[in-house]
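Below are the chains, spelled out letter by letter.
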Amino acid sequence: MILKQMITMKENFVKSREERTKKLEEMALKIRRHIIRDIYEAGSGHPGGSLSATDIITALYFYIMKHDPKNPKWKNRDRFVLSKGHSCPALYAALAESGYFDVKELLTLRKLGSRLQGHPSMKIPGIDICTGSLGQGLSVAVGMALGARLDRKLYRIFVLLGDGELQCGEVWEAAMAAAHYKLGRITAIIDRNRLQIDGNTEKVMSIEPLSFKFKAFGWHVTEVNGHNFNEIIGAIEKGVKIKGKPKVIIAHTTKGKGVSFMEGSVAFHGKPPNDEQFKIAMKELGGD
Amino acid sequence: MFKDYKYPREAYGKTLREIGRERKDIVVLDADLSSSTKTKFFADEFPDRFFNLGVAEQNMIGVAAGLATTGKTVFASSFAMFVVGRGYDQIRQSIAYPKLNVKIVTTHAGITVGGDGASHQIIEDIALMRVLPNMNVFVPADYVETEKMIRAIADHKGPVYARMGRSKVPTIYDDSFEFHLGRASILREGNDISIIAIGIMVSKALEAAEELKKKGISARVINMSTVKPLDEETIIKAARETGGIVTAEEHNITMGMGSAVASVLSEKYPVSMFRCGIPDVFGESGDYKELMEKYGLTADNIVKTSFNVLKRKR
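Residues numbered from 1 in each chain as written. Chains lettered and ligands numbered in written order. Predicted model: local features only at pLDDT ≥ 70, side-chain atom pairs only at ≥ 80, totals over all residues.

Quick word on the overall build of chain A
Reasoning step 1: Helix and strand counts for chain A come out as 10 helices and seven strands.
Reasoning step 2: The C-alpha radius of gyration computed for chain A amounts to 18 Å, which stays within 12% of the reference 19 Å derived for 288 residues, consistent with globular compactness.
Reasoning step 3: Here the C-alpha coordinates of chain A stretch approximately 50 × 50 × 40 Å along the principal axes.
Reasoning step 4: Of the contacts made within chain A by residues no fewer than 6 positions apart, 75% connect residues no fewer than 24 positions apart. (Helix = DSSP H or I, 4+ residues; strand = E, 2+ residues; numbered from the N terminus. Rg over C-alpha atoms; globule rule 2.2 N^0.38 Å. Contact = placed C-beta atoms within 7 Å.)

Shown next as structure tokens:
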């Protein structure tokens, strides 16, 4: 029943690629407006990395993943781990727009008593693990994949990592374990926006050559434009056919994507827009 | 005084194997030390439900968390130093905060690991674990208590930390002993003073009580194996009825079990008390018995400390 519902949703999208892209782009724009508004209302948060990750999260929640907002604990659901927990405004918006909770709740972000903590917590329906302290999500995904194997379940596990986060040693411990245990159900996506708090990742602590690193660790690697739905979806779907190997998609993105003065700007990694900036940003994103 | 000496960690491995036979949801992780932590007993019989994560403890904790989200009861083991020391942030964020059903059971805690020296002798693990919300902390005193405790924590839903040492310890309990989370056990009644101990120090406390008896002092001995949740009722009762407390633990006296007891006493029933334990210093290499002598983890020191408490009793 639920599965059928999901497939129908997918079919609706698939009528044509153009239509699919159009629908996903509309949703992504909506999510970007939520991000800006929620962070503005909260007075703090991380717009830059939320905006760079928006298209990836939109593709996952509104096309790729099997999930049921009415039944967040559905045993066969695909799992999503937001290892870069600070991008949660994008995730919260995707969850609300999917129907996990009322979109009005988004405005409670970071406020006292809210379920929408500054970084993902277990209070929120649709969240399976707390994140925020970087570097831990891939390890959790390895555990989820081992659990799926023990239970003979077929669900997939998607993990979104930041590029700065790849400087954490634990990520590579997990990468080693995922390949060692041949966890083909894991797809890691790197939000490769090239910026971290102190500047360009290659200046702070270079992570390149990234694809070679993952290949050397036994992963299947694809590189895509992280703002192109056909590329994101294409890479994930192709990955399904590769068995017994974890997959990583290096998604090249722009930090602050969609808001002119936030694009490529380190300043908006963890800073909310002021009143004037808020108005401009909303206008650029097609809001009022 | 004691005849039977056994390794608690062996009780851990064997009990885990038994529970594994009864329950399919038990999954065990180790970080390259399964032959020392004794999770090997489980691994040999259930290779499908045992995962070695190699020398990568932070990842092991995250993997444990992920498995727990799929409904497994996960035991993650290694030496206390490496799991707690290296994996603290992972335990905090991925286990304690989401309140997942993971049991972190460690061995080779404390200075009794001996020759390996300070790098391996964690004496601050209880402190680190007991300040974490949602975390429960247990320290078994002997082989039998370990068996019962491991069963109890497997049945309990939620995060647990349990620590054992490397060495053999005297068997104190017989099979009729029942372990209850949150309840201390009184091993010996007494009216003049109470000795509250954990782990290897419980047997030392019993020896001390015997010594004190020869000197005309009646000492109550309490095994506070459930450090968190702490059995406050038993502590307050002991303070009220005996008027003086000595605590004994193989741990830094800063923020260990003794400090937990002191907090209860100072707020709820202040009486004269002293803590026996390792002062705020790193350990060193040596035979574990010599180390215990050097750091005052002996029956003699408990006796001496008891007299200091008695002197100050009102």
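Quick look at the overall build of chain B
Reasoning step 1: Helix and strand counts for chain B come out as 13 helices and 14 strands.
Reasoning step 2: Taken against the 2.2 N^0.38 rule, which gives 20 Å for 314 residues, the C-alpha radius of gyration of chain B at 19 Å falls within 12% of a compact globule.
Reasoning step 3: Along the first, second and third principal axes, the C-alpha atoms of chain B reach 60 × 40 × 35 Å.
Reasoning step 4: Across the 314 residues of chain B, 60% fall into the buried class. (Buried ≥ 20, exposed ≤ 12 C-beta atoms within 10 Å, placed from the backbone.)

Re the sheet that holds strand E14 (residues 272–278) of chain B
Residues and elements named next belong to chain B.
Reasoning step 1: With mixed pairing, five strands are arranged side by side in an open sheet as E9-E11-E10-E13-E14. The sheet is open, and its two borders are formed by strand E9 (185–188) and E14, each paired with just one other strand. If you compare each strand with its neighbour and ignore which way they point, the axes differ by 25 degrees on average.
Reasoning step 2: Strand direction decides the pairing type here: strand E10 (residues 193–197) and strand E13 (residues 244–252), joined by four bridges, are parallel. Bridge assignment links Ala-197 to a residue of E13, and that residue is Ala-248. (Pairing = 2+ DSSP bridges. Axes fitted to C-alpha atoms, helices over the stretch in contact; angles between N-to-C directions.)

What about helix H11 (residues 257–268) of chain B?
Residue and element names in this part refer to chain B.
Reasoning step 1: Over its 12 residues, H11 runs 17 Å from end to end, which matches the ideal 16 Å to within 8%, given 1.5 Å per residue.
Reasoning step 2: Here H11 has its buried residues at Met-257, Gly-258, Ala-260, Val-261 and Leu-265. Down the axis of H11, the sector holding all buried residues measures 160 degrees, keeping them to one side. Opposite the packed face of H11, turned more than 90 degrees from it, sit the exposed residues Ser-266 and Glu-267.
Reasoning step 3: Turning to H11, the residues buried within the fold contact helix H7 (125–130), E10, strand E12 (226–228), helix H10 (232–242), E13 and E14. (Expected span 1.5 Å × (residues − 1). Arc of directions from axis to C-beta.)

Some remarks on unusual backbone geometry
Reasoning step 1: Following Glu-208 of chain A, the chain continues into Pro-209 of chain A via a peptide bond in cis, with omega recorded as 0 degrees.
Reasoning step 2: Structurally, the position occupied by Pro-209 of chain A is in the loop between helix H7 (201–205) and helix H8 (210–216).
Reasoning step 3: The phi torsion at Asp-32 of chain B lies on the positive side, around 70 degrees, for a residue other than glycine.
Reasoning step 4: Take Asp-32 of chain B: it is sitting in the loop between strand E2 (26–30) and helix H2 (34–37).
Reasoning step 5: For Asp-32 of chain B, a count of 17 C-beta atoms within 10 Å puts it in the partly exposed group.
Reasoning step 6: We note that Met-255 of chain B has phi near 65 degrees; this positive angle belongs to a residue other than glycine.
Reasoning step 7: Mapped onto the elements of the fold, Met-255 of chain B is located in the loop between E13 and H11.

Here's the deal with the domain arrangement of chain B
Residue and element names in this part refer to chain B.
Reasoning step 1: Along its sequence, chain B is organised into domain 1 (5–170) and domain 2 (185–312).
Reasoning step 2: Listed per partner, the contact involves 27 residues of domain 1 and 30 residues of domain 2.
Reasoning step 3: Counting only elements with at least two residues in the side of domain 1 that touches domain 2, the list comes to H7, strand E6 (136–138), helix H8 (143–155) and strand E8 (169–170).
Reasoning step 4: Across the side of domain 1 that touches domain 2, the residue classes tally to 14 nonpolar, nine polar and four charged. (Domains from an automatic or database assignment. Nonpolar A, V, L, I, M, F, W, Y, C, P; charged D, E, K, R; others polar.)

As for the environment of Glu-284 of chain B
Residues and elements named next belong to chain B.
Reasoning step 1: Tracing the chain through its elements places Glu-284 in the loop between E14 and helix H12 (288–294).
Reasoning step 2: On the basis of neighbour count, Glu-284 is assigned to the partly exposed category, with 14 C-beta atoms found within 10 Å.
Reasoning step 3: Remark: the alpha-carbon pair of Glu-284 and Phe-50, spanning 234 residues in sequence, is separated by 34 Å.

A few points about the pairing of strand E3 (residues 186–192) of chain A
Residue and element names in this part refer to chain A.
Reasoning step 1: Counting buried positions along E3 yields seven of seven residues, so the element is predominantly enclosed.
Reasoning step 2: Residues Ile-186, Ala-188, Ile-190 and Arg-192 point to one face of E3 and Thr-187, Ile-189 and Asp-191 to the other, with burial holding for every one of them.
Reasoning step 3: Here strand E2 (residues 157–162) runs beside E3; their pairing, made up of six bridges, is parallel. Across the sheet, the residue bridging to Ile-157 is Ile-186, located in E3.
Reasoning step 4: Note on the crossover from E2 through helix H6 (residues 169–180) to E3: the handedness is right-handed.
Reasoning step 5: Sheet topology note: the E3/strand E7 (residues 247–252) ladder contains six bridges and is parallel. The residue of E7 that forms the bridge with Asp-191 is Ala-251. (Right-handed = clockwise from strand over helix to strand, strands pointing away.)

What to know about the interface of chain A and chain B
Reasoning step 1: Across the contact, 22 residues belong to chain A and 22 residues belong to chain B.
Reasoning step 2: Every element with two or more residues in the side of chain A that touches chain B is listed here: helix H5 (137–150) and H6 of chain A.
Reasoning step 3: Here the side of chain A that touches chain B takes 10 residues from H5 of chain A, the largest share from any one element.
Reasoning step 4: For the side of chain A that touches chain B, the per-class residue count stands at 12 nonpolar, six polar and four charged.

Re the packing of H5 of chain A against H6 of chain A
Residues and elements named next belong to chain A.
Reasoning step 1: At a minimum axis separation of 8 Å, H5 and H6 run at an interaxial angle of 25 degrees. For the element pair H5 / H6, the angle class is roughly parallel. Considering how the two elements wind past one another, H5 and H6 form a crossing that is left-handed. When H5 is examined against H6, the residues Leu-138, Ser-139 and Val-142 are found in contact with a partner set consisting of Glu-170, Val-171, Ala-174, Ala-175, Ala-177 and Ala-178. (Parallel < 35°, antiparallel > 145°, perpendicular 65-115°, else oblique. Left-handed = near helix turned anticlockwise from the far one by under 90°.)

Let's talk about the pairing of strand E1 (residues 79–82) of chain A
Residue and element names in this part refer to chain A.
Reasoning step 1: Side chains of E1 alternate between two faces, with Arg-79 and Val-81 and Phe-80 and Leu-82 buried alike.
Reasoning step 2: Both E1 and E2 contribute to a ladder of four bridges, which runs parallel. Looking at E2, one finds that Val-81 is bridged to Val-159.

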